[in-house]
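# Notes for the structure review
So you can see what is in the structure, the chains are spelled out below.
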Amino acid sequence: QVAVLQQRIGALEAENHTLREQLRKQGPKAPGLSDLPHFVKANKPKKEPTDKKQRRQRDQGYARSAAPNCTRTEVHALEQCPDCGRALSGGWVHSEREVIDIPPIAVELVKHLLLARHCGVCKKRRLPRAGEALCSVTVGQRRFGVRLMSDPAHVAHLVNVCRTPVRTVKRLLASLFGIDISCGGIIDLLKAVASAGKKTYDALQEEVRASPFVHADETGWREDGVNGYLWSFSTPSVRFFVRDQSRGHQVPQDVLGPQYRGIISSDFYGAYNYHLGPHQRCWVHLLRDLKKLCETYPLDKQLQLWAGQVYALYVGAASFCWIHKRDRIRARERFQRRLVTLARPHVKTSAPQAVLAKRLLHFEPEMFTFVEHPEVAPDNNAAERAIRPAVIARKVSGGTRSKQGSDTRAILMSLFGTWQARGLDPLEACVRMLRSPA
């Protein structure tokens, strides 16, 4: 063992000598870790590069884009050197900056003079008709122009799109343009716009009646302190509103007509049961009630399982995408049988889901119409979104004061809602309607 250890010591000394020679050739000895201050830490070993997930390319950048239409360009340059006073000329663009501002707005008061002229042949005095001469400027005998009646900064757009109260519109016109219009004058302007759009409003009702499907909903609307209801009927390109005191089935029957055979998409309210044609009941309302029931009874495992099965059935129906109508009809019947199988065992029990099971069993033929007709949505969100601005306006204003005011509000909401649904500019569409009401 002594001989082996001595041989091992000799090998280590030789290796130590070789390493010292290599360090001496490389230069001065680098300080060790113990020679450095206490706050210096050892470098961590570099990790091996891994395959990082490639970043998804954005559709567009978030940098501010330049304004497409520049009104004017102003050049700023020094005329002389500030140090020596020498005149400067020429130059190049060093930088540029955009400034957006609103020019001063002035009210234009135009005086229209109607001249009387004498005809030498007929020996009569001839006058231009005021209605024909001013038909493109104003409506009827009013002294307010069509731009004031329909401009976004003015009455119709502020009241119907921005949901601004009449008194606030009055103060806004006075502060921005110096126009002193009473609240009655503003209401008269709204009535004029509604009167000019009455024919268009009636045409919208005919379009709703001709539509293969319509989304219907209703909400409360007070008239002179008396509770009533605002009804909404929506298609992909039309928004039609009507205010009525009743919440019965007679209102949708009068709006849609007795000969309507299209699909009515609605919630589970019974006023729409009069329609003998196809229905589509809203799945969102059902799933919302189902979720609320599960939150009320979180420890009921059977309820949780049943709710999951109903939701899975809806997801399967919503993802169905067969093209042929024969396959869609068969799929609808299959989904309806599954729904009956899920609902029937809980109808005559004391389980928490008994009420919802009765509802499913009662409306079973009207739950999967969207499977057979893919153009129909399984929910009633279109009507909910259409009527939401009216609900916000009701909370702000509290309703209307007369039947004429209710009719005016219904006509204006229908017109502006339809223009927005069709992707039109409400300002230009309203001006076009006022200048050519026919």
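I will try to describe carefully the structure that is included in this document. Quantities reported herein were computed from a predicted structural model and do not represent experimental measurements. (Residues numbered from 1 in each chain as written. Predicted model: local features only at pLDDT ≥ 70, side-chain atom pairs only at ≥ 80, totals over all residues. Heavy atoms only, no water.)

The interhelical angle for the contact between helix α9 (residues 283-296) and helix α12 (residues 354-362), taken along N-to-C directions, is 160 degrees, at an axis separation of 11 Å. The angle between α9 and α12 places the two elements in the roughly antiparallel class. When you trace α9 past α12, the crossing you get is left-handed. Every residue of α12 that contacts α9 at Leu-286, Asp-289, Leu-290 and Leu-293 is listed here: Leu-356, Arg-359 and Leu-360. For the contact of α9 with α12, the residue count by class is five nonpolar, no polar and two charged. (Axes fitted to C-alpha atoms, helices over the stretch in contact; angles between N-to-C directions. Helix = DSSP H or I, 4+ residues; strand = E, 2+ residues; numbered from the N terminus. Parallel < 35°, antiparallel > 145°, perpendicular 65-115°, else oblique. Left-handed = near helix turned anticlockwise from the far one by under 90°. Contact = heavy atoms within 4.5 Å. Nonpolar A, V, L, I, M, F, W, Y, C, P; charged D, E, K, R; others polar.)

Glancing now at the pattern of salt bridges. This structure, assessed with the given rule, holds 12 salt bridges. Two residues, Glu-207 and Arg-422, come together in a salt bridge whose shortest N-O distance is 2.8 Å. Highlighted residues: Glu-207 in helix α7 (residues 198-210) and Arg-422 in the loop between α15 (403-421) and α16 (426-435), separated in sequence by 215 residues. With its nearest N and O atoms 3.8 Å apart, the salt bridge here joins Arg-401 to Asp-224. Of this pair, Arg-401 sits in the loop between α14 (381-397) and α15 while Asp-224 sits in the loop between β3 (213-220) and β4 (229-235); the two residues are 177 residues apart in sequence, bridging distant segments of the chain. Using a relative accessible area of 48% as the deciding quantity, one classes Asp-224 as partly exposed. (Salt bridge = Lys/Arg side-chain N within 4 Å of Asp/Glu carboxyl O. Buried < 20%, exposed > 50% of the residue type's maximum accessible area, 1.4 Å probe, protein only.)

Glancing now at the packing of aromatic side chains. According to the stated counting rule, one finds 11 aromatic pairs in the structure shown. Seen in terms of ring centroids, Tyr-269 and Tyr-272 are 6.2 Å apart; in terms of plane orientation they differ by 80 degrees. Their pairing is edge-to-face. Of the residues examined, Tyr-272 reaches a relative accessible area of 0% and is grouped as buried. The interplanar angle of 55 degrees and the centroid separation of 5.5 Å between the aromatic rings of Trp-283 and Phe-368 together place this pair among those described as tilted. Residue Trp-283 is found in helix α9, and its partner Phe-368 is found in the loop between α12 and α13 (369-372); the two are separated by 85 residues along the sequence. Comparing Trp-283 with Phe-368, the two get one shared label, buried. A network of ring pairs unites the aromatic residues Trp-283, Tyr-311, Tyr-314, Phe-320, Phe-335, Phe-368 and Phe-370 as a single cluster. (Phe/Tyr/Trp six-rings, centres within 6.5 Å; stacked < 30°, edge-to-face > 60°.)

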